Amino acid sequence: MRVGLLTEGGYPYAIGDARVWCDRLVRGLAQHEFEVYALSRGPGQEATGWGELPRHVGRVRTAPLWGEPEPRRGGWGGRRQRRRFAEHFGELATAISAPYGSGAPYGSGVPYGPGASHGSGASHGASAPHGSGVPGCSTDQADRFANGLHGLADLAGEYGGLSAALRSEDAVRTLERACRTLGAPHGAQRARVADLLNVTEALERALRPLSLDWYGEGAGGDPGLSGVDLCHTATGGAAVLPGLLAKRRFGTPLLLTEYGVRLRECYLTGAAGAEGGPPFPEGGRPLSGPVRSLLTAFHGRLAAEAYARADLITPGNTHTRRWQERCGADRERLRTVYPGMDAARFAEVGEQCAAPSEGDDRTLVWVGRIEPPKDVIALLHAFAEVRRWQPDARLRIIETRRGEDAEQDGYPAHCRALADHLFPDEAADAHSAGDSPVSFERLGDPEVPTLADAYAAGGVVVLSSVVEGFPVGLVEAMFCGRATVSTDVGAVCEVIGGTGLVVPPRNPRALADACLALLSDAERCARLGAAARARALELFTVEQNVAAFRGIYLELMSHCPVPREEVGEGGGPLPFARPAEAHVPGRWTAGRDGDGFGHRTPGPAASRPAPEHTPTWAGPPPREPLGVGPCPSEERA
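Trainee: Would you mind going over the overall build of the protein chain with me for this structure?
Mentor: Across its full length, the protein chain holds 23 helices and 12 strands. Taking all contacts inside the protein chain whose residues are at least 6 apart in sequence as the whole, residues at least 24 apart take part in 73%. Surface accessibility of the protein chain: about 27600 Å² in total, with carbon and sulfur atoms responsible for 52%.

Trainee: It is not clear to me how the packing of helix α17 (residues 472–479) against helix α20 (residues 522–539) should be interpreted in this structure. Could you clarify?
Mentor: Helix-helix packing is characterised by the crossing angle of the two axes and by the distance between the axes. Orientation of α17 relative to α20, taken along the N-to-C sense of each, is 115°, at an axis distance of 7 Å. Relative to α20, the element α17 is oriented roughly perpendicular. Regarding α17 and α20, the two cross each other, and that crossing is left-handed. For the pair α17 and α20, the contacting residues are Val-475, Met-478 and Phe-479 in the first and Ala-532, Arg-533, Arg-535, Ala-536 and Leu-537 in the second.

Trainee: Explanation requested: the sheet that holds strand β4 (residues 230–233) in the structure shown.
Mentor: Backbone-to-backbone hydrogen bonds join strands into a sheet, with any given pair of strands oriented parallel or antiparallel. Taken in spatial order, the six strands make up an open sheet running β3-β2-β1-β4-β5-β6, and their pairing is parallel. Only two strands of the sheet have a single partner each, and these edge strands are β3 (57–64) and β6 (312–315). On average, adjacent strands in this sheet sit at an angle of 15° to one another, irrespective of strand direction. Two elements, strand β1 (residues 2–8) and β4, share four bridges in a ladder whose sense is parallel. Considered in β4, the bridge of Leu-6 is made with Thr-233. Sheet contacts for helix α12 (residues 318–326): β5 (254–258) and β6; angle to β6, the most-contacted strand, approximately 140°. Taken strand by strand, helix α21 (residues 542–559) contacts β1, β2 (33–40), β4, β5 and β6, and its axis lies near 155° from that of β5.

Trainee: I'm lost on the packing of aromatic side chains in this one. Help?
Mentor: To describe a pair of aromatic rings, one takes the distance between the centres and the angle between the planes. Scanning the entire structure with this criterion turns up 10 aromatic pairs. With 5.1 Å between their ring centres and 75° between their planes, Tyr-338 and Phe-540 make a pair best called edge-to-face. In this pair, Tyr-338 sits in the loop between α12 and α13 (347–350) while Phe-540 sits in the loop between α20 and α21, placing the two residues 202 residues apart along the sequence. With relative accessibility at 17%, the residue Tyr-338 sits in the buried group. Their ring planes at 70° and their centres at 6.4 Å tell us that Phe-346 and Tyr-455 sit as a pair that is edge-to-face. Highlighted residues: Phe-346 in the loop between α12 and α13 and Tyr-455 in helix α16 (residues 451–455), separated in sequence by 109 residues. Among the aromatic residues, those joined into a cluster by ring pairs are Trp-21, Tyr-259 and Phe-549. Arg-249 extends its terminal NZ or CZ atom over the ring of Tyr-215, reaching a point 5.3 Å from the ring centre.

Trainee: Is there a simple way to explain the confidence of the model for the protein chain in this structure?
Mentor: Caution applies to low-pLDDT parts of the model: their predicted coordinates are not meant to be read in detail. Confidence in the prediction for the protein chain averages 80 pLDDT; 74% of positions are at 70 or higher. Per-element mean pLDDT across the protein chain ranges from 40 in helix α22 (residues 604–607) up to 97 in strand β12 (residues 501–503). Here residues 102–111 scores under 50 on pLDDT; set against residues more than four positions off or in separate chains, the count is 53 contacts. With pLDDT under 50 throughout, residues 585–618 is counted as low confidence; its partners more than four residues away or in other chains account for 51 contacts.

Trainee: What is the right way to look at empty space enclosed by the protein in this model?
Mentor: Picture a little ball the size of a water molecule; that probe, rolled over the atoms, points out where space is still empty. All told, the structure shown has two cavities of 30 Å³ or more when counted by the stated rule. Only β5, α10 (262–274) and α11 (289–309) provide two or more residues apiece to the lining of the largest cavity. The biggest single contributor to the lining of the largest cavity is α11, with five residues. Classifying every residue of the lining of the largest cavity gives eight nonpolar, three polar and two charged.

Trainee: Mind showing me how you'd approach the sheet that holds strand β10 (residues 460–463) here?
Mentor: The parallel open sheet is built from six strands, whose spatial order is β9-β8-β7-β10-β11-β12. One side of each edge strand has no neighbouring strand; the edge strands of this open sheet are β9 (438–442) and β12. The mean inter-strand angle of the sheet, taken between neighbouring strand axes irrespective of direction, is 20°. Bridge analysis of strand β11 (residues 483–487) against β12 gives three bridges, and the strand direction is parallel. Looking across to β12, one finds that Thr-487 is bridged to Val-503. Along the sheet face, helix α14 (residues 376–389) touches β7 (363–368), β8 (394–399), β9 and β10 and points at about 165° away from the line of β8.

Trainee: Whenever I open this one, the nonpolar core confuses me. Can you help?
Mentor: Looking at soluble globular proteins, one finds that nonpolar side chains tend to be buried together. Phe-85, Phe-89, Leu-149 and Leu-210 are the most contacted members of the largest nonpolar core, which totals 67 residues. If you tally residues by element for this core, the top one is α11, at nine residues. Setting aside anything within four residues of it in sequence, one finds Phe-89 in contact with Leu-152, Leu-166, Ala-171, Thr-174, Leu-175 and Leu-203. Formed by 36 residues, the second largest nonpolar core is a distinct cluster that contains Trp-366, Phe-440, Val-485 and Ala-512.

Trainee: So what exactly am I meant to see when it comes to the environment of Ile-397 here?
Mentor: Residue position: Ile-397 is located in strand β8. The class for Ile-397 is buried, based on a relative accessible area of 0%. Residues Ile-397 and Val-365, spaced 32 residues apart in sequence, show a C-alpha to C-alpha distance of 6.2 Å. Beyond its immediate stretch of four places on either side in the chain, Ile-397 contacts Trp-366, Ile-370, Val-376, Leu-380, Val-438, Ser-439, Phe-440 and Glu-441.

Trainee: I keep staring at the side chain of Thr-484 and nothing clicks. Help me out?
Mentor: For Thr-484, the position within the fold is in strand β11. The residues touching Thr-484, leaving out its near neighbours within four places in the chain, are Val-461, Leu-474, Ala-477, Ile-496, Gly-500, Leu-501 and Leu-518.

Conventions and cut-offs
- Residues numbered from 1 in each chain as written.
- Predicted model: local features only at pLDDT ≥ 70, side-chain atom pairs only at ≥ 80, totals over all residues.
- Heavy atoms only, no water.
- Helix = DSSP H or I, 4+ residues; strand = E, 2+ residues; numbered from the N terminus.
- Contact = heavy atoms within 4.5 Å.
- Areas by Shrake-Rupley, 256 points an atom, 1.4 Å probe, with all protein chains shown as cover.
- Axes fitted to C-alpha atoms, helices over the stretch in contact; angles between N-to-C directions.
- Parallel < 35°, antiparallel > 145°, perpendicular 65-115°, else oblique.
- Left-handed = near helix turned anticlockwise from the far one by under 90°.
- Pairing = 2+ DSSP bridges.
- Phe/Tyr/Trp six-rings, centres within 6.5 Å; stacked < 30°, edge-to-face > 60°.
- Buried < 20%, exposed > 50% of the residue type's maximum accessible area, 1.4 Å probe, protein only.
- Lys NZ or Arg CZ within 6 Å of the ring centre and 35° of its normal.
- pLDDT = per-residue confidence, 0-100.
- 1 Å grid on protein atoms, 1.4 Å probe; cavity = no way out; pocket = protein on both sides within 12 Å on 5 of 7 lines; lining within 4 Å.
- Points joined across faces, edges and corners; volume = space filled by probe spheres on them.
- Nonpolar A, V, L, I, M, F, W, Y, C, P; charged D, E, K, R; others polar.
- Core = buried A, V, L, I, M, F, W, Y, C linked by side-chain atoms within 4.5 Å.

What follows is the structure, given as structure tokens:
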């Protein structure tokens, strides 16, 4: 099977999101051939280069989502092109400037599959599907977004790109008219010219995948995504766009995996920007309220379109799954697949089974990046309460951020100052040097050279976050067989599953009580640690993750095969060109024009178009609705 792996800001680059997970997946499925289509987020990522790729990665295509766009490949600026652009971009702008409801675009008139053409049979006014979050809500705006998005994609394919048009005065004026429409949200109506310029610049970067030469015959006869059997998108956002286009143009099944919801990240980042925090990802400066409102609406509409069109969606946990259902994902096409983590590096600590060394059973360990969402301030106040009842207790805060000076960051410095205030140096007697019960350390120091050593440094591991997606650090502690105390955020309860204590977030008293309960009962700690390790080895290993995707790949290929039309030497239909055995891997299935895997070998015959009227007996057999893939009514549309 030939798999097109779509990524953004990660694999195959040496740094980035989901890099490790994608690498383990590709190496674990060595029986398949992978083609990687990667979008980079910045010059620093490209400067680090690629990681080592396995031999069965046959092709890597990259494109930047930053910097100035590449010169367009074709002409632009004619009256007809400008009119079509205004029409399609107007639909997209109207959709993102309308009051946002997460209705999914089921019932939209955008046809999907080989030979689909834009603008055929639009069906507006369909009711929102189950899980859309707006019961009975009309999907008119979702339809507009889908029509505008795919109309822009068709335009980009015909004229060699959209970058110049999306940064033009026409785009700004079109967006301004949409924002001034009666009924537009207050945030959109307050947009000024500078805000509109920022929005069009961000949209140009987000929509760059529409202008890439990844679809169909490229340079040197490269078939691109038209030659893959399955598109697997490793994240949401802009990486979904190539998969959507491949599904619409070639009928390629689309698998969408999200271990963190991109839409949720947009909301959180936008809120941080409103408070003077880090800027929105598309820009290098804090953005205004109208800009954040419009860009968040764009990502919301894009997420709804991706969830509606994907043949199967694999969230990494129930927390992510709830977000996807709220944004329009159909429950029947959702299947939770937990991320796979390397348990081998924690095996030695987890298999010791002995009690912690003397003194460590009174030590709390916190491991992570010292930043506001981790709420280290609440942890310090909770530890002050612990010290009232357990005077010999200690707290080790181990910072995992490397290559950066934490002292220059305001929040770590504030945490250190609070620790110095709450816990002045104490001495056992008049002749001993004072020592604080709270220590701040860095991963890689002689005392904690590895993560396994960090978790082994105490008897109880604490997670005090107020915002969390999938708690990777918590799973690592479970691999090490440590009892845990965590706050009830994100997927924490799902991961713990009764093998640790969970308390409400932003509640130092509850956090302190849970820590005291474990510090005073070593046997209970040992029982919880053993149960946590068994649960982690059952659910969160690389082996179970790879096995799950191996089955999903085969299921999608059997239920949703790519309908490639076979043509003969004269350009006419070639009946019975693909036997039933063509889906069975093996060189013996190669036909006259095959490659042994049921694929047509690119050549002159493949480049000739099929007749306009193809007999029904020469077309691919009808597909049956077997739980994945688009619903039958959508295919007939």
